[in-house]
Amino acid sequence: MNILITGARGQLGRTFMDLSRGSDNRFIFTDITGDGDVVALDATNAEEVRKVVEVNDVDVIINCAGYTDVNRAEDDEDMARRINAFLPEVLAAAAKEADATLIHISTDYVFDGNSSVPYVETDKPAPLGAYARTKLEGEQVVMESGCRYLIIRTAWLYSCYGKNFFKTMESLTSERPSVNVVMDQVGTPTYAQDLAEAILHVIDNDHLDKTGIYHYTDEGVCSWYDFAAAICRGFGYLCDVRPCRTEDFPSKVRRPSYSVLDKSLFKTTFGCEIPHWEDSLAIAVADYMKMMSNK
Ligand SMILES: NC(=O)c1ccc[n+]([C@@H]2O[C@H](COP(=O)([O-])OP(=O)(O)OC[C@H]3O[C@@H](n4cnc5c(N)ncnc54)[C@H](OP(=O)(O)O)[C@@H]3O)[C@@H](O)[C@H]2O)c1
């Protein structure tokens, strides 16, 4: 398979780059700025996207590009919309023309978090903020495009790359005597490597015709406080991680208080086992320590 990755310099994109080394597929890595193995491609540029898809005879597009800064999105919703909604529309049109499949990554934030049981794919979305609104619009344009697609909603994504909660907490708990972390928002941390491996499982097992929305996170449920405490313990730091409430950290962004996703459909459709977040965190800690010691 010829697989085009957009947003290849982001945390999910870089994870695909790691996994591509042991894969039989051919990958074309692109991002808005090129670097090393990454080709420069602004994925909002329809003409350029069409050209890259045609020249490389692309079978699958995995859209890892996104406007993921939820705070900045509140101040610049137009830009967030351009990347989170217009860009997938461009990719969907190119996929349709080339008879390729678009795998588009979306988010738990499409829900408002008022549920008390895990969200299934057919639950009604109710985005709370600008980032979430634009991501939901992205899903809608892909569904309306007529292309073959898999929309995969994930949550609490972290990796050894870029900026994310795992790296922030590693740094804070290594330096500070204590850290306060919210305990009244629950969800499931998802190691980017698990998501990327699950997507490659879907591709390698000929499931690309199963158009639809699917939920994928790691297994289990925890609060941001639990996750931070586990990160601190994992690295062997002595910081006192303390629980606090969302209202202790005033923010213009409203976040869902409950954003657990039900993964049953993903597991039954694709015959895929999903690791528990605590097991994956242990692997991420080991990967990160190895990466830091090689620097
Ligand atoms: N992070 C999470 O917790 C989380 C949770 C749920 C879902 N998701 C979704 O998962 C996906 C991947 O997230 P991530 O955390 O890996 O994102 P990320 O690290 O922010 O990476 C996104 C990449 O897209 C690039 N990009 C922006 N505009 C582009 C354009 N016009 N053309 C090509 N590339 C462009 C960015 O470049 P610049 O950095 O130069 O802008 C960046 O390299 C996103 O769709 C996100 O919404 C993430």
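Refer to the structure printed above.
Here's what I pulled together on the structure shown here. (Residues numbered from 1 in each chain as written. Predicted model: local features only at pLDDT ≥ 70, side-chain atom pairs only at ≥ 80, totals over all residues. Heavy atoms only, no water.)

Taking 1.5 Å of rise per residue, the 13 residues of helix H7 (residues 192-204) would be expected to cover 18 Å, and the 18 Å separating its terminal C-alpha atoms lies within 8% of that figure. For H7, the set of buried residues is Ala192, Asp194, Leu195, Ala196, Ala198, Ile199, Leu200, Val202 and Ile203. Note on H7: the residue one or two positions beyond its end, Asp206, has a positive phi of about 60°. (Helix = DSSP H or I, 4+ residues; strand = E, 2+ residues; numbered from the N terminus. Expected span 1.5 Å × (residues − 1). Buried < 20%, exposed > 50% of the residue type's maximum accessible area, 1.4 Å probe, protein only.)

What follows is about the pattern of salt bridges. Oppositely charged side chains are able to pair whenever their charged atoms sit close together. Enumeration over the complete set of coordinates arrives at 16 salt bridges. Taking the shortest distance from any N to any O, the salt bridge between Arg81 and Glu137 comes out at 2.6 Å. With Arg81 in helix H4 (residues 77-98) and Glu137 in helix H5 (residues 130-144), this pair connects stretches of sequence that are 56 residues apart. A relative accessible area of 27% places Arg81 in the partly exposed class. Overall, the relative accessible area of 24% leaves Glu137 in the partly exposed class. Residues Arg148 and Asp99 are paired through a salt bridge, measuring 3.0 Å at the closest nitrogen-oxygen approach. Here the residue Arg148 occupies a position in strand E6 (residues 148-154), and Asp99 occupies one in the loop between H4 and strand E5 (101-107), the gap between them amounting to 49 residues. Among the charged side chains, a network of salt bridges with common partners joins Glu77, Asp78, Arg81, Arg133 and Glu137. (Salt bridge = Lys/Arg side-chain N within 4 Å of Asp/Glu carboxyl O.)

Moving on: the pairing of E6. Counted residue by residue, E6 has six buried out of seven residues, so it is predominantly covered. Alignment of E5 against E6, held across seven bridges, turns out to be parallel. Pairing of Ser106 across the sheet is with Arg153, part of E6. Chirality of the crossover, the property in question, places the unit of E5, H5 and E6 among those that are right-handed. (Pairing = 2+ DSSP bridges. Right-handed = clockwise from strand over helix to strand, strands pointing away.)

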